[in-house]
Amino acid sequence: MSSVLTMSLSLCAAIFSMGTTLAWGQADEKARLVEGAKKEGKLVWYTSTNVTESKPLLDDFEKQYPFVKGEIFRASGEKTLNRIVTEARAGRSDFDLVTISEVDALIEAKMLAPYRSPEAKNYIPEFKEPNGYWTAVYINYATIGYNPKLVSDKEAPKQWEDLLDPKWRGKLSIDQEQYPWYGTLHKSWGRERAQKYMRALAKQNIQWRKGHTLIAQLMAAGEFPLGVVYAHRIEEMRQKGAPVEWVNTVNPIVVTVNAAGISAKPQHPNAAKLFYDYLLSRPAQQRLRALRRIPARPDIEPFSPRMEQSKLKLQVEPPQTGPQFNQTIKEFREMFGL
């Protein structure tokens with residue numbers, strides 16, 4: 001046998017051995033998490049995800065791990081963030097795992113612990129924090145939506161700037177906590193242009209509402225013709241026959257990342273890690289797709305071809321520390337007089 005072939009076989013054997021060792025190591029760690037979770041028996045999950053989507057995910061997890069009983073606290077991202085901060089000031093940490101868009105603010109406040117899930121290797125760098133503090137669970141596309149019974153396709157706005165047309169005064173609805181939208185346009189356009197745009201938009205007599213789902217529903221009902229919406233919600237409603245449409249030409253479409261992070265002081269750390277791993281797994285990501293969310297895992301296609309990343313001008317929300325995020329909130333509220 002030649003020396004080259006011998007070396008090749010040795011190398012293959014070494015690689016196989018490393019892979020086997022890695023697989024066994026992951027299996028051992030999973031077994032340790034399962035045993036620990038059995039003793040804990042509980043999981044507390046704080047999330048901004050709608051109950052219609054978070055509950056099915058938790059139900060699936062409990063079927064897989066019936067010895068863990070999950071508890072959900074659901075509120076907007078800002079309210080969830082404020083609850084965690086308030087608890088910390090009182091010397092408490094009641095959550096085990098959180099899924100919100102404002103996870104970077106929690107890192108700055110030292111309220112999250114790093115965890116490198118074996119599932120995280122399947123995610124692109126933009127969808128995971130480099131030190132392991134969070135990984136994306138699903139993503140949202142913020143864009144312009146409209147009711148085609150009230151606005152023709154030809155007349156509908158094609159870019160953010162089109163919303164400044166006087167004919168849309170009093171006819172546009174925006175979520176009152178649309179801070180990531182402003183923060184991302186700030187990054188994409190620059191501070192001066194973004195603030196000039198927002199101040200001009202503030203003169204359009206905005207119809208403020210709370211919740212993107214509510215805005216989509218009211219838009220479909222004809223309460224107003226336009227809204228800043230999430231594309232997945234509009235696409236879901238459109239496929240069911242609702243009179244709604246979303247604009248795919250906006251530059252940029254703002255991508256907000258709903259990410260999972262584990263508490264720095266979890267009461268049920270093993271259950272938290274098991275649930276984190278589950279949320280990033282193919283079955284959970286496929287479940288999110290079936291629930292009409294846009295999975296963050298790149299090997300799961302979106303439920304509509306219109307939402308394929310290659311077809312859109314996307315800009316991912318920039319990471320912001322606590323002080324930066326607070327400044328974004330302050331500026332947004334001041335410009336719109338909220």
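Residues numbered from 1 in each chain as written. Predicted model: local features only at pLDDT ≥ 70, side-chain atom pairs only at ≥ 80, totals over all residues. Heavy atoms only, no water.

### Some words on the side chain of Gln 285
Thought 1: Along the polypeptide, Gln 285 turns up in helix α10 (residues 282-290).
Thought 2: Taking the relative accessible area as the measure of exposure, Gln 285 reaches 0% and is therefore buried.
Thought 3: Of the polar contacts made by the side chain of Gln 285, one reaches the backbone nitrogen of Arg 297; its length is 3.0 Å.
Thought 4: Excluding residues within four positions of it along the chain, Gln 285 makes contact with Tyr 123, Val 137, Leu 279, Leu 280, Pro 295, Ala 296, Arg 297 and Ile 300. (Helix = DSSP H or I, 4+ residues; strand = E, 2+ residues; numbered from the N terminus. Buried < 20%, exposed > 50% of the residue type's maximum accessible area, 1.4 Å probe, protein only. Polar contact = N/O pair within 3.5 Å; in protein donor to acceptor, adjacent residues only side chain to side chain. Contact = heavy atoms within 4.5 Å.)

### Structural notes on unusual backbone geometry
Thought 1: That bond from Asn 251 to Pro 252 is cis: its omega, 0°, falls within 30 degrees of zero.
Thought 2: Positive phi values are uncommon outside glycine, yet Lys 110 reaches one of about 60°.
Thought 3: In this fold, Lys 110 is placed in the loop between α4 (103-108) and β4 (112-113).
Thought 4: A relative accessible area of 70% places Lys 110 in the exposed class.

### With respect to empty space enclosed by the protein
Thought 1: This model, assessed by the stated rule, comprises one cavity of 30 Å³ or more.
Thought 2: For the largest cavity, the calculated volume is near 40 Å³.
Thought 3: Along its surface, the largest cavity is lined by Trp 45, Thr 49, Leu 57, Thr 99, Val 137, Tyr 138, Asn 258 and Leu 279.
Thought 4: A breakdown of the residues in the lining of the largest cavity according to their chemical character gives five nonpolar, three polar and no charged. (1 Å grid on protein atoms, 1.4 Å probe; cavity = no way out; pocket = protein on both sides within 12 Å on 5 of 7 lines; lining within 4 Å. Points joined across faces, edges and corners; volume = space filled by probe spheres on them. Nonpolar A, V, L, I, M, F, W, Y, C, P; charged D, E, K, R; others polar.)

### Considering the layout of surface pockets
Rolled over the atoms, a probe as big as a water molecule pinpoints where empty space is left.
Thought 1: The volume enclosed by the largest pocket comes to roughly 480 Å³.
Thought 2: Ser 48, Arg 74, Lys 210, His 212 and Tyr 230 are, among the 28 residues lining the largest pocket, the residues nearest its centre.
Thought 3: Put simply, the parts of the chain that give the lining of the largest pocket at least two residues each are α3 (77-89), β5 (135-146), α5 (179-189), α7 (212-220), α8 (231-239) and β10 (253-263).
Thought 4: For the lining of the largest pocket, the class distribution of residues is six nonpolar, 13 polar and nine charged.
Thought 5: Within this model, the second largest pocket holds a volume of roughly 350 Å³.
Thought 6: If you tally residues by element for the lining of the second largest pocket, the top one is helix α1 (residues 3-40), at five residues.
Thought 7: Within the lining of the second largest pocket, the residues separate by chemical class into eight nonpolar, three polar and six charged.

### Thoughts on the packing of α7 against α8
Thought 1: Between α7 and α8, whose axes approach to 10 Å, the crossing angle comes to 40°. By the angle between their axes, α7 is oblique relative to α8. In this structure, the crossing between α7 and α8 has a hand that is right-handed. Residues Thr 213, Ala 216, Gln 217, Met 219 and Ala 220 of α7 pack against Arg 233, Ile 234 and Met 237 of α8.
Thought 2: Residues that form the contact of α7 with α8 fall into these classes: five nonpolar, two polar and one charged. (Axes fitted to C-alpha atoms, helices over the stretch in contact; angles between N-to-C directions. Parallel < 35°, antiparallel > 145°, perpendicular 65-115°, else oblique. Left-handed = near helix turned anticlockwise from the far one by under 90°.)

### Here we look at the nonpolar core
Thought 1: By size, the foremost hydrophobic cluster in this structure holds 97 residues, and its most contacted members are Trp 160 and Trp 181.
Thought 2: Ignoring sequence-local partners within four residues, the contact set of Trp 160 consists of Ala 142, Thr 143, Ile 144, Trp 181, Leu 185, Trp 189, Tyr 197, Val 228, Val 250, Asn 251 and Pro 252. (Core = buried A, V, L, I, M, F, W, Y, C linked by side-chain atoms within 4.5 Å.)

### Some points on the packing of aromatic side chains
Thought 1: Under the defined criterion, the tally for this structure stands at 17 aromatic pairs.
Thought 2: On the basis of an interplanar angle of 80° and a centroid distance of 6.3 Å, the ring pair of Tyr 179 and Phe 325 is categorised as edge-to-face. One end of the pair, Tyr 179, is in helix α5; the other, Phe 325, is in helix α11 (residues 322-336), and 146 residues separate them in sequence. Accessibility classification places Tyr 179 together with Phe 325 in one group, the buried group.
Thought 3: Feature note: the residues Trp 45, Phe 61, Tyr 65, Phe 67, Phe 275 and Tyr 278 constitute an aromatic cluster, connected by ring pairs.
Thought 4: One Lys or Arg, Lys 38, reaches over the ring of Phe 67 and ends 5.6 Å from the middle of that ring. (Phe/Tyr/Trp six-rings, centres within 6.5 Å; stacked < 30°, edge-to-face > 60°. Lys NZ or Arg CZ within 6 Å of the ring centre and 35° of its normal.)

### Considering the pattern of salt bridges
Thought 1: Counted under the stated rule, the structure contains 24 salt bridges.
Thought 2: With a closest N to O distance of 2.5 Å, Glu 223 and Arg 209 form a salt bridge. A residue pair is termed long-range when its members are at least 10 positions apart, and Glu 223 in the loop between α7 and β8 (226-230) and Arg 209 in strand β7 (residues 207-209) qualify at 14 residues.
Thought 3: In this structure, the salt-bridge partner of Arg 282 is Asp 299, at a minimum N-O distance of 3.1 Å. Here Arg 282, found in helix α10, pairs with Asp 299, found in the loop between β11 (294-295) and β12 (314-316); they are 17 residues apart in sequence, far enough to count as distant.
Thought 4: Overall, the relative accessible area of 37% leaves Asp 299 in the partly exposed class.
Thought 5: Overlapping salt bridges, with partners in common, bring together Glu 53, Arg 233, Glu 236, Lys 240 and Arg 293 in one network. (Salt bridge = Lys/Arg side-chain N within 4 Å of Asp/Glu carboxyl O.)

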